[in-house]
Amino acid sequence: MSALLISNGTIVTDSAVFTADLLIRQGKIAAVGPGLQAPDAEVLDASGKLVLPGGVDPHVHLDLPMFGTVSSDDHYTGTKAAAFGGTTTVIDFVSLDFPTFRQSVDAWRVKAEKAAVDYAAHMNLTRFDDAVAAELPSLLEMGITTVKTFTAYNNRLRLDDGSIFKALRMTRDCGMLMLLHAENGDVIELLVTEALASGCRTPEWHARTRPAWGAVESALRAFALSATADAPLYLVHMNTAGEVDMLQYARERGLKVMGETCPQYLFFTEDDLRRPDGAKWICSPPVRSAADNTRLWQGLANGTIQTVGTDHCPFFFDGTKPILYEGKPVAIPGKELGRDDFTKIPNGLPGVQDRLPVLWTAGVGSGKLTAQQFVALTSTNPAKIFGLYPRKGALLPGSDADLVLWDPQKKVKYGVALSHQRTDYNLYEGWELTGYPEKVFLRGRLIVDGETWLGKAGMGEFLHRQPGAPVL
Ligand code: URP
Ligand code: ZN
Ligand code: ZN
């Protein structure tokens, strides 16, 4: 692989912004600094452009069977979409679908082989018995250092508090990190039963049956379990102001707890669920209120929340009508499955490509976040928390040359026409964005050049992670 000198770009890291050259050799960053000389290198003039570390999305669900269908991006289309949005690493979830972790991971590895950017896995810990406990440490041999537990989805994914506590002691001893989905499964079960019995079937009932207080109390309960077990814990997809309050309360007391939010919780509210096409906004946990949006932005700005992931889990809005993807018609059953019953609407929405562009415009463009915070939240912090740093999330000599050449002036009218997410809608349709990826490099290889796709299925590498990552 030939050398590439990216000259005169504005380098943006989680802690600094400066003008420099960046030299890539053998897929790695070889040097960063002013006036670099590399006569053998091809030169790319990056004047007026920002050079960012490739995005790390710590939360995606690709090719995930649920609600009698499957999330509509597989490991190729979802990672291609990620790349177009400036994300070069994703962390997917392995479902515990088989009797053992090993079998579940092996089956997932086969599906994930076609990824076009680098990828890692979290393991869903949705059963906890002696056999699961005995096998848990062996996840490390599989390169998996994180497990996700749930306090919701009764009789499906939920673990009781005792099991979460036991698992926390094990993750602590193994140098692993537990992720937690915080909602109150019992309250949801009761409210859903009552809503259906009263004939309440529209999408807004998805939010009305999954109250914010359930997320708040469950988050605090999980932090208490984490403190008691002296084990780190990462709260996924934070969606309520109360969770930000609880995370702040816990961190102020020195607990080893961290949190993630997602763009949908920064921009959308229950009002969107009341639109005629409200099913597009159905995800779990649900979108909440404008006050929640505001508090989550504050949590990002003041450092209470460490990351912005996506929970990318797309479905078609109308999966009976094919779209063209790479010139071929594709239709995958989606939100129409719950046309007459909100409980049958597949939970999840697209976002892996949207994350950096919308967060840049709404966060950095509006002055809510600095460019360094943007890099920290979307790349460096997830890389550190999930044991990928400094290979990922950094512009340091020796790091993988995963880079985004970002045009901070570029204006686009965003939406499905620009999106490579394999679904028939985009939540940000018609949004005017300023700042957009121009070129994206994966380990030194140019994979996105404007609107041209140069990557290919299978070029993503599985990232075998090491235990003992820091708590930020
Ligand atoms: O609606 C969503 N987010 N589906 C994915 C599952 C989860 O809990 O993250
Ligand atoms: Zn979840
Ligand atoms: Zn998720």
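Scroll up for the structure.
Since the model is a prediction, treat every value here as computed from it, not as a measurement.

*Asks:* Quick question: what am I supposed to make of unusual backbone geometry here?
*Replies:* Peptide bonds are trans in most cases, and residues, glycine excluded, mostly fall at negative phi. Each neighbour pair has its own omega, and for serine 284 with proline 285 the value is -5 degrees, a cis peptide bond. Position of proline 285 among the secondary structure elements: in the loop between helix 10 (270–273) and helix 11 (290–301). In the segment running from tyrosine 389 into proline 390, the intervening peptide bond is cis, with an omega of 0 degrees. Tracing the chain through its elements places proline 390 in the loop between helix 13 (371–385) and strand 18 (403–413).

*Asks:* Is there a simple way to think about the sheet that holds strand 13 (residues 233–238) in this case?
*Replies:* Where strands meet in a sheet, backbone hydrogen bonds hold them as pairs that are either parallel or antiparallel. With parallel pairing, eight strands are arranged side by side in an open sheet as 6-9-10-11-12-13-14-15. The open sheet is flanked by strand 6 (55–60) and strand 15 (307–308), the only strands paired with a single partner. Sheet strands in contact with helix 7 (residues 212–229) are strand 12 (177–181), strand 13 and strand 14 (257–261), and its direction is about 165 degrees off that of strand 13. Its contacts with the sheet put helix 12 (residues 355–364) on strand 6, strand 9 (87–94) and strand 15, and the angle it makes with strand 6 is roughly 110 degrees.

*Asks:* Hey, could you run me through the site of ligand 1 in this one?
*Replies:* Around ligand 1, the structure places 13 residues, and the nearest of them are His61, Lys148, His181, Ser284 and Asp311. The separation between a nitrogen atom of ligand 1 and a polar side-chain atom of aspartate 311 is 2.6 Å. Between ligand 1 and glycine 348 there is a distance of 3.3 Å, counted from an oxygen atom to a backbone nitrogen or oxygen. When ligand 1 sits alone it has 270 Å² of accessible area, and the protein chains cover 95% of it. Partitioned by chemical class, the residues of the shell around ligand 1 number four nonpolar, seven polar and two charged.

*Asks:* Whenever I open this one, the pairing of strand 2 (residues 17–25) confuses me. Can you help?
*Replies:* Note on strand geometry: in a regular strand, side chains alternate between the two faces of the sheet. Examined bridge by bridge, strand 1 (residues 4–12) and strand 2 share seven bridges and lie antiparallel to one another. Paired with isoleucine 6 across the strands is leucine 22, a residue of strand 2. Note: strand 2 against strand 3 (residues 28–33), five bridges, orientation antiparallel. Counterpart to aspartate 21 in the pairing with strand 3 is glycine 33.

Parameters at a glance
Residues numbered from 1 in each chain as written. Chains lettered and ligands numbered in written order. Predicted model: local features only at pLDDT ≥ 70, side-chain atom pairs only at ≥ 80, totals over all residues. Heavy atoms only, no water. Helix = DSSP H or I, 4+ residues; strand = E, 2+ residues; numbered from the N terminus. Pairing = 2+ DSSP bridges. Contact = heavy atoms within 4.5 Å. Axes fitted to C-alpha atoms, helices over the stretch in contact; angles between N-to-C directions. Near = heavy atom within 4 Å. Polar contact = N/O pair within 3.5 Å; in protein donor to acceptor, adjacent residues only side chain to side chain. Areas by Shrake-Rupley, 256 points an atom, 1.4 Å probe, with all protein chains shown as cover. Nonpolar A, V, L, I, M, F, W, Y, C, P; charged D, E, K, R; others polar.

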